[in-house]
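Residues per chain are reported as follows:
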Amino acid sequence: MAKKKYYVVWMGHVPGVYTAWPTAKQQIDGYKGAKYKSFPDRAQAEAAFRRGFGSYLKQSLGTKASKSSHPRTRPSAVPSSETIIGKSISVDAACSGNPGKMEYQGVTTVGKRQIFHQAFPLGTNNIGEFLALVHALAFLQKQEQPDLPIYTDSKIAMGWIKKGKCKTTLVRNAKTELLYQTIEKAEAWLKENTVTNPILKWKTKVWGEIPADFGRK
RNA sequence: ACAU
DNA sequence: GCATGT
Ligand SMILES: [Mg+2]
Ligand SMILES: [Mg+2]
């Protein structure tokens, strides 16, 4: 039989030392950012509880203990990607017809204040999303804001930026020649510059439409 | 299927 | 329902 364990809940509905997992779990379930860990005996548990989570964690991290023995933070509190970073900009593209008349814009994520906007007589949704991202990157570099994140809802455009290449299928002809030259300029920018700003996926299903959305769907 |  | 993309 395994020896009975003790459960410290530093932060939860009712913090304290618990002698059974089900009761400890009650204290952390539904508590955002709960801090807790199990201990092999009562003395260690009570000492850790009295020291407080911060002090205990510091010591634990400075030691060669296995990762799994560090104190826990409830997963639902961790997901940085689950929280909208307000200090950021958001971009989006739209077209009427695809391919069709295309435009893109960048706005402040909070307040939706427009930062840039461009329109083209013919383009695709994905080209627009791609150009919007490069426009945002160049703009933030000029503003010396290399850490400000950029939100996009386009998986495709994120991939093209990573590749440094706009992998469009749009026909290149007289009607698209100017757009293609813009694309080549954008690709050249990516080749000559380092992408420093985090490019983050906007979670439309969770958060609703991206702030830069044109609202025409 | 997923993201537009 | 159509199209752009991985
Ligand atoms: Mg979009
Ligand atoms: Mg949109």
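Before reading further, recall that the structure is shown in the block above.
Cut-offs used in this document
In this numbering scheme, every chain counts its residues from 1 along its sequence in written order. Chain letters and ligand numbers both follow the written order, the letters beginning at A and the numbers at 1. Selection of residues for local features in this predicted model requires a pLDDT of at least 70, selection of side-chain atom pairs for listing and counting requires 80 or more, and totals for whole chains, interfaces and linings are taken over all residues. With hydrogens and water set aside, each side-chain value is computed from the structure's full complement of heavy atoms. Under the scheme used here, helices are H or I runs from DSSP no shorter than 4 residues and strands are E runs no shorter than 2 residues, and both carry numbers assigned from the N terminus. Residues count as neighbours in contact if any of their non-hydrogen atoms are within 4.5 Å of one another. Donor selection uses N, O and S atoms within 2.8 Å of the metal (3.2 Å for Na, K and Ca). Since no water is included, sites may look incomplete. Under the scheme applied here, a residue whose accessible area is under 20% of the maximum for its type counts as buried, over 50% as exposed, and between as partly exposed, the area being computed with a 1.4 Å probe on protein chains only. Criterion for a salt bridge: a side-chain nitrogen of Lys or Arg within 4 Å of a carboxyl oxygen of Asp or Glu.

Looking at this model, I keep getting lost on the side chain of T124. Mind explaining?
Considering the arrangement of structural elements, one finds T124 in the loop between strand 7 (114–123) and helix 4 (125–142). Once residues lying within four places of it in the same chain are set aside, the contact partners of T124 are C95, N98, P99, M102, T168 and L170.

I'm lost on the coordination of the magnesium ion (ligand 2) in this one. Help?
Reference values for coordination geometry: four tetrahedral donors around a metal ideally subtend 109.5 degrees, six octahedral donors ideally subtend 90 or 180 degrees. Distances from the magnesium ion (ligand 2) to its protein donors, namely D92 (OD) and D213 (OD), fall within the range 2.0 to 2.1 Å. The magnesium ion (ligand 1) is placed at 3.8 Å from the magnesium ion (ligand 2), the two being bridged by D92. Taken together, the positions of D92 in strand 5 (residues 89–97) and D213 in the segment after helix 7 (204–207) put the pair 121 residues apart, joining distant regions of the chain. Each member of the pair, D92 as well as D213, is classed as buried.

Teacher, can you tell me more about the pattern of salt bridges here?
Should the charged atoms of two oppositely charged side chains come close, the side chains can pair. Counted under the stated rule, the structure contains nine salt bridges. Across the pair K165 and E187 runs a salt bridge, and its minimum N-O distance is 3.7 Å. Of this pair, K165 sits in the loop between helix 5 (155–163) and helix 6 (177–192) while E187 sits in helix 6, and the two are 22 residues apart along the sequence. Salt-bridge contacts for E184 lead to R172; the nearest nitrogen and oxygen are separated by 2.8 Å. You can see E184 sitting in helix 6 and its partner R172 sitting in the loop between helix 5 and helix 6, a full 12 residues away along the chain. Since its relative accessible area comes to 38%, E184 is described here as partly exposed. R172 gets classed as partly exposed once you look at its relative accessible area, which sits at 38%. Overlapping salt bridges, with partners in common, bring together R172, E177 and E184 in one network.

Coordinates in, geometry out; function isn't part of it.
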